[in-house]
Number of protein chains: 2
Amino acid sequence: MCEKNLHSAMGAIMTVFDTYAGKEGDKTKLSKNEMKELIQNELGPMMKDAKDPGQVDELFKCMDANGDDQVDFTEFMIALAVFTCICHGKEVDKSKVK
Amino acid sequence: MCEKNLHSAMGAIMTVFDTYAGKEGDKTKLSKNEMKELIQNELGPMMKDAKDPGQVDELFKCMDANGDDQVDFTEFMIALAVFTCICHGKEVDKSKVK
């Protein structure tokens, strides 16, 4: 059974980040290319703009809070938390319509 | 294969929150009892203080940003993001020691 619990979800988030951040340059941070690849592979179905270069650049700028042209784990986690809250809000709205 | 990707991790986080929040009272928020149960069941192995009532009360107060004696999904996600960053930092430190 695929344990759908919090502990494995947190582990998956860390594994995904480390996998993409480890591809080039600083192994502890996402470059823009690494972030583009992560978004398209991991969140493509959920983000209609995942293929739009302009939108991805905008998103990268928002995530890169300290402006070092890279996204560290904390910046990544903040963006993921915001995105998850948006998705959860939509789920709640959908369940009210049913 | 248990897909260890971001999309299913986000889904698991939402499912865990909704499962525990739906047990009593307001179905969209965690009561203190629901939060205690969630922490002990889901994060027990990771949190040595999960069984200490005093520590759990402290944690609940920290999570309850608007002071309504309940934890909504945004408050929960902020706490989870902080906790995941702490765990990730420890993992990075461990890998440096190897």
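Residues numbered from 1 in each chain as written. Chains lettered and ligands numbered in written order. Predicted model: local features only at pLDDT ≥ 70, side-chain atom pairs only at ≥ 80, totals over all residues. Heavy atoms only, no water.

Digging into the packing of aromatic side chains
All names here are of chain A.
- Scanning all chains against the criterion turns up six aromatic pairs over all chains.
- Ring geometry for Phe17 against Phe76: centres 5.2 Å apart, planes inclined by 45 degrees, an arrangement best described as tilted. With Phe17 in helix α1 (residues 6–21) and Phe76 in helix α4 (residues 73–97), this residue pair connects regions lying 59 residues apart in the sequence.
- Residue classification places Phe17 among the buried residues on the basis of a relative accessible area of 0%.
- An aromatic cluster is built from Phe17, Phe73 and Phe76, whose rings are joined through pairwise contacts. (Phe/Tyr/Trp six-rings, centres within 6.5 Å; stacked < 30°, edge-to-face > 60°. Helix = DSSP H or I, 4+ residues; strand = E, 2+ residues; numbered from the N terminus. Buried < 20%, exposed > 50% of the residue type's maximum accessible area, 1.4 Å probe, protein only.)

Description of the pattern of salt bridges
Residues and elements named next belong to chain A.
- Under the defined criterion, the tally for this structure stands at eight salt bridges over all chains.
- For Lys23, the salt bridge identified is with Glu37, shortest N-O distance 2.9 Å. One end of the pair, Lys23, is in the loop between α1 and α2 (32–42); the other, Glu37, is in helix α2, and 14 residues separate them in sequence.
- Its relative accessible area of 45% is what places Lys23 among the partly exposed residues. (Salt bridge = Lys/Arg side-chain N within 4 Å of Asp/Glu carboxyl O.)

Considering the environment of Asp64 of chain B
- Within the secondary structure, Asp64 of chain B is located in the loop between α3 (53–63) and α4 (73–97).
- Separated by 26 residues in the primary sequence, Asp64 of chain B and Leu38 of chain B have C-alpha atoms spaced 15 Å apart.

Re the environment of Ile13 of chain A
- Along the chain, Ile13 of chain A turns up in helix α1.
- Overall, the relative accessible area of 1% leaves Ile13 of chain A in the buried class.
- Taking the C-alpha atoms as reference points, Ile13 of chain A and Phe76 of chain A, 63 residues apart in sequence, are found 9.8 Å from one another.
- In contact with Ile13 of chain A, not counting residues within four places along its chain, are Phe73, Phe76, Met77 and Leu80 of chain A together with Leu6, Ala9 and Ile13 of chain B. (Contact = heavy atoms within 4.5 Å.)

Topic: the UniProt feature "domain: EF-hand" (unreviewed entry) in chain A
- Here, the residues flagged by UniProt with the feature "domain: EF-hand" (unreviewed entry) are residues 51–86 of chain A.
- Taken end to end, residues 51–86 of chain A is 69% helix and 0% strand, and its two terminal C-alpha atoms sit 20 Å from one another. (UniProt positions renumbered as here; feature names shortened; annotations may be inferred.)

Structural notes on unusual backbone geometry
- Although it is not a glycine, Asp69 of chain A adopts a positive phi angle of roughly 65 degrees.
- Along the chain, Asp69 of chain A turns up in the loop between α3 (53–63) and α4.

Things to note about the relation of the copies chain A and chain B
- Laying chain A over chain B is done by rotating through 180 degrees and shifting 0.0 Å along the axis; what remains is an RMSD of 0.0 Å. The transformation just described matches what one would write down for a two-fold rotation axis. Closest approach to the rotation axis within chain A is made by the C-alpha atom of Ala9 of chain A, at a distance of 2.2 Å.
- When the interface residues of chain A are mapped onto chain B, 100% of them again lie at the interface, so the same face is used by both copies. (Least-squares fit on C-alpha atoms with pLDDT ≥ 70 in both.)

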